[in-house]
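Listed here are the chains, written in short residue letters.
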Amino acid sequence: SIWTAGKQAGFTTKTPWLPVHENYIKVNMESEQKDPSSVLSWYQTLVRFRKENPVLIDGDYDEHLRGSNEIYAYTRKNDKDHLLIIANFTGHTVTYDPEEAGIGKDEAPKILLTSYQDTAAAAGTLRPYEAQIIK
């Protein structure tokens, strides 16, 4: 069965042994599948991206910005690719030095994926709770 907006959230026609959360009518898998901006859609995008980019699986890991309490940043690098994965864990916009985050001085960074729906992001800036994958 699928988690739906139906009776008992679509799990059973009987009385469940655990209570169904009161927000199941709005928050459920059925509605997440239809919403391109849902958490489910974001994770499906990430899984697809990982499968299409072997560097995320076999690339060397190097953490950057270790002293930051706001940003988690690391690169994955192999013979073919070099990606920066960077995330802002705060509710406000933060800036960072792209070179300190693992982007080479002579590289032209390109944001391949961002957790925001728009593409207004720029390397060196992260919006509240934003995550980016940069080439």
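Residues numbered from 1 in each chain as written. Predicted model: local features only at pLDDT ≥ 70, side-chain atom pairs only at ≥ 80, totals over all residues. Heavy atoms only, no water.

A few words now on a negative patch on the surface. A cluster of acidic side chains, namely Asp-97, Glu-99, Glu-100, Asp-106 and Glu-107, defines a negative patch on the protein surface. Looking at the element boundaries, Glu-100 is found in the loop between strand E4 (94-95) and strand E5 (111-114). Since its relative accessible area comes to 53%, Glu-100 is described here as exposed. (Patch = residues over 30% accessible without salt bridge, like charges linked within 9 Å, V, L, I, M, F, W, Y side chains within 5 Å. Areas by Shrake-Rupley, 256 points an atom, 1.4 Å probe, with all protein chains shown as cover. Salt bridge = Lys/Arg side-chain N within 4 Å of Asp/Glu carboxyl O. Lys, Arg positive; Asp, Glu negative; His and termini not counted. Charge placed at Lys NZ, Arg CZ, Asp CG, Glu CD. Helix = DSSP H or I, 4+ residues; strand = E, 2+ residues; numbered from the N terminus. Buried < 20%, exposed > 50% of the residue type's maximum accessible area, 1.4 Å probe, protein only.)

Glancing now at the pattern of salt bridges. Applying the stated criterion across every chain, the model contains 3 salt bridges. Of the charged contacts in the structure, one is a salt bridge between Glu-63 and Arg-66, with a shortest N-O distance of 3.8 Å. For Asp-81, the salt bridge goes to Lys-135, with nearest N and O atoms at 2.4 Å. Highlighted residues: Asp-81 in the loop between strand E2 (71-77) and strand E3 (82-88) and Lys-135 in the segment after strand E7 (131-134), separated in sequence by 54 residues.

Moving on: the packing of aromatic side chains. Scanning all chains against the criterion turns up 2 aromatic pairs. When the centroid spacing of 5.1 Å and the interplanar angle of 40 degrees are considered together, the rings of Tyr-61 and Tyr-74 count as tilted. Residue Tyr-61 is found in strand E1 (residues 60-64), and its partner Tyr-74 is found in strand E2; the two are separated by 13 residues along the sequence. Taking the relative accessible area as the measure of exposure, Tyr-61 reaches 41% and is therefore partly exposed. Centroid distance Tyr-72 to Tyr-74: 5.3 Å. Interplanar angle 45 degrees. Geometry classified as tilted. For Tyr-72, a relative accessible area of 33% puts it in the partly exposed group. Cluster of aromatic residues (ring-pair linked, three or more members): Tyr-61, Tyr-72 and Tyr-74. (Phe/Tyr/Trp six-rings, centres within 6.5 Å; stacked < 30°, edge-to-face > 60°.)

All right, on to the environment of Leu-18 then. With respect to the helices and strands, Leu-18 occurs in the segment before helix H1 (29-34). According to the relative accessible area criterion, Leu-18 is partly exposed, its value standing at 49%. Residues Leu-18 and Ile-71, spaced 53 residues apart in sequence, show a C-alpha to C-alpha distance of 38 Å.

The quantities given are spatial measurements derived from coordinates; they are silent on function.
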